[in-house]
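Summary of structural features
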Amino acid sequence: MNQLKPAVMMLMWLSLITGIAYPLVVTGIAQLIFPAQANGSLVVRGGKPVGSSLIGQPFDSPKYFWGRLSATAPHAYNAGASSGSNLGPLNPNLHAATRARIYALREADPGNTVPVPVDLATASGSGLDPHISPAAALYQVPRVAKARGADPGEVRRLVEQHIEGRQLGILGEPRVNVLLLNLALDGGARG
């Protein structure tokens, strides 16, 4: 009995500290310092959320830029099932998926003879990557311009305006957020 009371008191104090106080403090700090990220980095158009700038979106129409493949299940870009395919480089299923994606890209734009950028033919580690390389975006310019009846030079300039540099000037690689680029193509509204 002498040990039960201190054990119960310790359980209550630790529950209050780690279960209530700590989460409230961390959430408060996040809301103060990083409010957009703490609230999901939502992209809002016309007062309605149309996606997150941190999670890829499925685009399959030829008039839109396409993102990386997503290996999440049961549907692409499922944030509740974030994972890569876990297929090794020698796995025939990985080779088949890559060939199928390259075939789909070539079928969508048969006149494009430029080599397909690797990030358009492979999935990211999380399966949720919202970005593609500038080369992958520029590769898609002829298809998107043709599907929209737009000037390829204008579409190319739009891509170049949406290239994000390295973080802090040294981290990562330049990239293009597919959702933001497609929204810019639509003039701010996702179709």
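Description of the structure in this document. Note that the structure is a prediction, hence the values are computed from the model and not measured.

Let us now look at the pattern of salt bridges. All told, the structure shown has 7 salt bridges when counted by the stated rule. Note that Asp-151 is salt-bridged to Arg-157, the shortest N-O span being 3.9 Å. Residue Arg-166 is joined to Glu-173 by a salt bridge in which the shortest nitrogen-to-oxygen separation is 3.3 Å. When its relative accessible area of 39% is taken as the criterion, Arg-166 is described as partly exposed. Among the ionic contacts, a cluster of salt bridges with common partners joins Asp-151, Glu-154 and Arg-157.

A few words now on the sheet that holds strand S5 (residues 175-177). Sheet architecture is open: 3 strands sit in the order S3-S5-S4, paired in antiparallel fashion. Strands with a single pairing partner mark the edges of an open sheet, and in this sheet they are strand S3 (131-132) and strand S4 (163-164). Of the pairings in the sheet, the one linking S3 to S5 comprises 2 bridges and is antiparallel in character. Bridge pairing in S5 links His-131 to Asn-177. On top of the sheet, helix H7 (residues 178-185) reaches S3, S4 and S5; it is set at about 60 degrees to S5, its chief contact.

What follows deals with the nonpolar core. If you look at the biggest cluster of nonpolar residues, it comprises 25 residues, and the most contacted ones within it are Phe-65, Leu-120 and Ile-132. Listed by contribution, the elements that provide at least two residues to this core are helix H5 (134-148), helix H6 (152-161) and H7. Of all the elements, H5 adds the most residues to this core, at 6 residues. Not counting residues up to four positions away in its chain, the partners in contact with Ile-132 are Trp-66, Gly-67, Arg-68, Asp-119, Leu-120, Ala-137, Gln-140, Arg-175, Val-176 and Val-178.

Looking now at helix H1 (residues 4-33). End to end, H1 covers 42 Å across 30 residues, agreeing with the expected 44 Å (1.5 Å per residue, within 8%). Approximately 35 degrees is the largest bend angle found in H1, and it occurs at Ala-21, with the proline Pro-23 only one to four residues beyond.

As a further point, take the side chain of Ser-70. Position of Ser-70 among the secondary structure elements: in the loop between strand S2 (48-52) and helix H3 (92-108). A polar side-chain atom of Ser-70 sits 3.1 Å from a polar atom in the side chain of Thr-72. A polar side-chain atom of Ser-70 sits 2.6 Å from the main-chain carbonyl oxygen of Gly-127. Leaving out residues up to four positions away in the same chain, Ser-70 has contacts with Ala-76, Tyr-77 and Gly-127.

Taken as a whole and assessed by the stated rule, the structure comprises 1 aromatic pair. Pairing Phe-59 with Tyr-64 gives two aromatic rings, centres 5.4 Å apart and planes at 40 degrees, and the pair type is tilted. Exposure remark for Phe-59: the relative accessible area of 10% places this residue in the buried category. Among the residues examined, Tyr-64 registers a relative accessible area of 4% and is labelled buried. Its guanidinium or amino end placed over the ring of Trp-66, Arg-143 lies 3.8 Å from that ring's centre, counting from NZ or CZ.

Here we come to the environment of His-162. As for its placement among the helices and strands, His-162 is situated in the loop between H6 and S4. A C-alpha to C-alpha distance of 17 Å links His-162 and Asp-119, two positions 43 residues apart in sequence. If we skip the residues at most four places from it in the chain, His-162 touches Arg-175, Val-176, Asn-177, Leu-180, Leu-181 and Ala-184.

Conventions we followed
Residues numbered from 1 in each chain as written. Predicted model: local features only at pLDDT ≥ 70, side-chain atom pairs only at ≥ 80, totals over all residues. Heavy atoms only, no water. Salt bridge = Lys/Arg side-chain N within 4 Å of Asp/Glu carboxyl O. Buried < 20%, exposed > 50% of the residue type's maximum accessible area, 1.4 Å probe, protein only. Pairing = 2+ DSSP bridges. Helix = DSSP H or I, 4+ residues; strand = E, 2+ residues; numbered from the N terminus. Contact = heavy atoms within 4.5 Å. Axes fitted to C-alpha atoms, helices over the stretch in contact; angles between N-to-C directions. Core = buried A, V, L, I, M, F, W, Y, C linked by side-chain atoms within 4.5 Å. Expected span 1.5 Å × (residues − 1). Bend = angle between axes of the 7 residues up to and from the residue. Polar contact = N/O pair within 3.5 Å; in protein donor to acceptor, adjacent residues only side chain to side chain. Phe/Tyr/Trp six-rings, centres within 6.5 Å; stacked < 30°, edge-to-face > 60°. Lys NZ or Arg CZ within 6 Å of the ring centre and 35° of its normal.

Limitation: the analysis is restricted to geometry and does not speak to function.
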